[in-house]
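Next come the chains, spelled out residue by residue.
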Amino acid sequence: MKITSIIVEDERSAREVLKSYLTKYCPQVELIGEAHNAKEAIPLLHEQRPQLVFLDVEMPFGNAFDVLDHCKDIYFETIFATAYSEYSLRALNQSASYYLLKPISIEELITGVNKVQSQIEKNQIINRNKILLDNFHEPRPEKRQVILPTLDGFEVVKMENMVHLQGNGNFTNIYLKDKSKKMVCRFLRHFEEILPPPFIRVHRSHIINVDYVKSYHKNSGGYVTLEDGSEIEISPAYKEHFLQIFR
């Protein structure tokens, strides 16, 4: 199966390296075009309508979000290329987007392309680009969405509906406002990195949404009661940070 693809990258050397890697290591990718910046990319994507776009996050004449904004009517999978940026990585992880850190690793490139191919072959369509854009334009963190990879597939959840998270080995249990629980195929540390305030870690095994804190108790080393009735221990390592929020 061939995957039609376009590269959007402002640096010529980076484009040439990526094309070389794709030719040698990802023969299932069929390159049908390339653009040097956002301004060139938008009409090209509308004309060619590829299945996959390799998209640089920061470019002249607009960034990756500008490209996606002008291509809302086209569905394609995206593999982002980015230099390390805490903000961009958090946004990409929240929407479960595929991304490659520059300089691009051959191994990571192969993994990303294989994931996209699997999504296409299984017809598991999820518009990560739309969720990424919605989050980018939403100034209130609690109103943003996060894609949760579950054992059955995935679910899209608003952060404001997440009450607390509990580490469970290789998985994380997420407890929602409606009293339901989702088992997600990610370590708790993953969510510590991608969830903004009002989420804070209070224990080796727990992250809580402080908007749902009902009361704090000093006895027994310190614990909180949440609005769903859960009692979560506050470990000494995290206690000062937790108390600081309520001062």
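Here, the structure is the one placed above.
Treat the numbers as computed from the prediction; the structure is a model and nothing was measured. (Residues numbered from 1 in each chain as written. Predicted model: local features only at pLDDT ≥ 70, side-chain atom pairs only at ≥ 80, totals over all residues. Heavy atoms only, no water.)

Colleague: What's the story with the sheet that holds strand E10 (residues 181–184) in this structure? I'm lost.
Modeller: To summarise the sheet geometry, strands pair through backbone hydrogen bonds and adopt either a parallel or an antiparallel arrangement. The strand order across the open sheet built from five strands is E10-E9-E8-E12-E11, with neighbouring strands paired in antiparallel fashion. In this open sheet, the two strands that pair with only one neighbour each are E10 and strand E11 (199–203). The mean inter-strand angle of the sheet, taken between neighbouring strand axes irrespective of direction, is 20 degrees. Here strand E9 (residues 171–176) pairs with E10 via four bridges, running antiparallel. In the sheet register, Ile-174 faces E10, and the bridge partner there is Lys-182. Lying over the sheet, helix H8 (residues 236–245) contacts E11 and strand E12 (206–209), oriented at roughly 140 degrees with respect to E11. (Pairing = 2+ DSSP bridges. Helix = DSSP H or I, 4+ residues; strand = E, 2+ residues; numbered from the N terminus. Axes fitted to C-alpha atoms, helices over the stretch in contact; angles between N-to-C directions. Contact = heavy atoms within 4.5 Å.)

Colleague: Explanation requested: the sheet that holds strand E15 (residues 231–233) in the structure shown.
Modeller: Strand order in the open sheet formed by three strands is E13-E14-E15, and the pairing between neighbours is antiparallel. What marks the edges here is a single partner per strand, and that holds for strand E13 (213–217) and E15. Averaged over neighbouring strand pairs, the angle between their axes works out to 25 degrees when direction is ignored. Where E13 meets strand E14 (residues 223–226), four bridges bridge the pair, whose relative direction is antiparallel. For Val-213, the partnering residue across the bridge sits in E14 and is Leu-226.

Colleague: Whenever I open this one, the nonpolar core confuses me. Can you help?
Modeller: Side chains of nonpolar character tend, in soluble globular proteins, to be buried together. By size, the foremost hydrophobic cluster in this structure holds 24 residues, and its most contacted members are Val-8, Leu-45, Leu-55, Val-67 and Phe-80. Residue assignment for this core shows that the elements contributing at least two residues are strand E1 (3–8), helix H2 (38–48), strand E3 (52–56), helix H3 (64–69), helix H4 (86–94) and helix H6 (128–137). Counting residues per element, this core draws most heavily on H2, at five residues. Look past the residues within four positions of Phe-80 in its chain and what remains in contact with it is Leu-55, Val-57, Ala-64, Leu-68, Leu-92, Ser-97, Tyr-98, Tyr-99, Leu-100, Asn-129 and Leu-132. (Core = buried A, V, L, I, M, F, W, Y, C linked by side-chain atoms within 4.5 Å. Buried < 20%, exposed > 50% of the residue type's maximum accessible area, 1.4 Å probe, protein only.)

Colleague: Help me understand the packing of aromatic side chains, please; the structure alone is not making it clear to me.
Modeller: The geometry of an aromatic ring pair comes down to the distance between the two centres and the angle between the two planes. Counting across every chain of the model gives four aromatic pairs. Taken together, a centroid distance of 6.2 Å and an interplanar angle of 70 degrees make the contact between Tyr-21 and Tyr-25 edge-to-face. Here Tyr-25 and Tyr-21 lie together in helix H1 (residues 12–25), a separation of four residues that amounts to about one turn. Residue Tyr-21 is classed as partly exposed on the basis of its relative accessible area, which comes to 22%. For the ring pair Tyr-216 and Phe-242, a centre distance of 5.5 Å and an interplane angle of 50 degrees mean the geometry is tilted. In this pair, Tyr-216 is assigned in strand E13 and Phe-242 in helix H8, connecting sequence segments 26 residues apart. Of the aromatic side chains, those joined through ring pairs into one cluster are Tyr-216, Phe-242 and Phe-246. When the ring centre of Phe-61 is taken as reference, the NZ or CZ atom of Lys-39 above it lies at 6.0 Å. (Phe/Tyr/Trp six-rings, centres within 6.5 Å; stacked < 30°, edge-to-face > 60°. Lys NZ or Arg CZ within 6 Å of the ring centre and 35° of its normal.)

Colleague: Any chance you could explain the pairing of E11 here in plain terms?
Modeller: Within a regular beta strand, the side chains point alternately toward one face of the sheet and then the other, so they alternate between its two faces. Of all five residues in E11, five are buried, a share of seventy percent or more. As paired elements, E11 and E12 share four bridges and run antiparallel to each other. Residue pairing for E12: Arg-201 is matched across the bridge by Ile-207. The loop that links E11 with its antiparallel partner E12 comprises two residues.

Colleague: Just to check I follow, could you spell out the environment of Gly-169 for this structure?
Modeller: Relative to the elements of secondary structure, Gly-169 occurs in the loop between strand E8 (162–168) and E9. We classify Gly-169 as exposed; its relative accessible area is 61%. Here the alpha-carbon distance between Gly-169 and Lys-19, two residues 150 residues apart in the chain, equals 39 Å.

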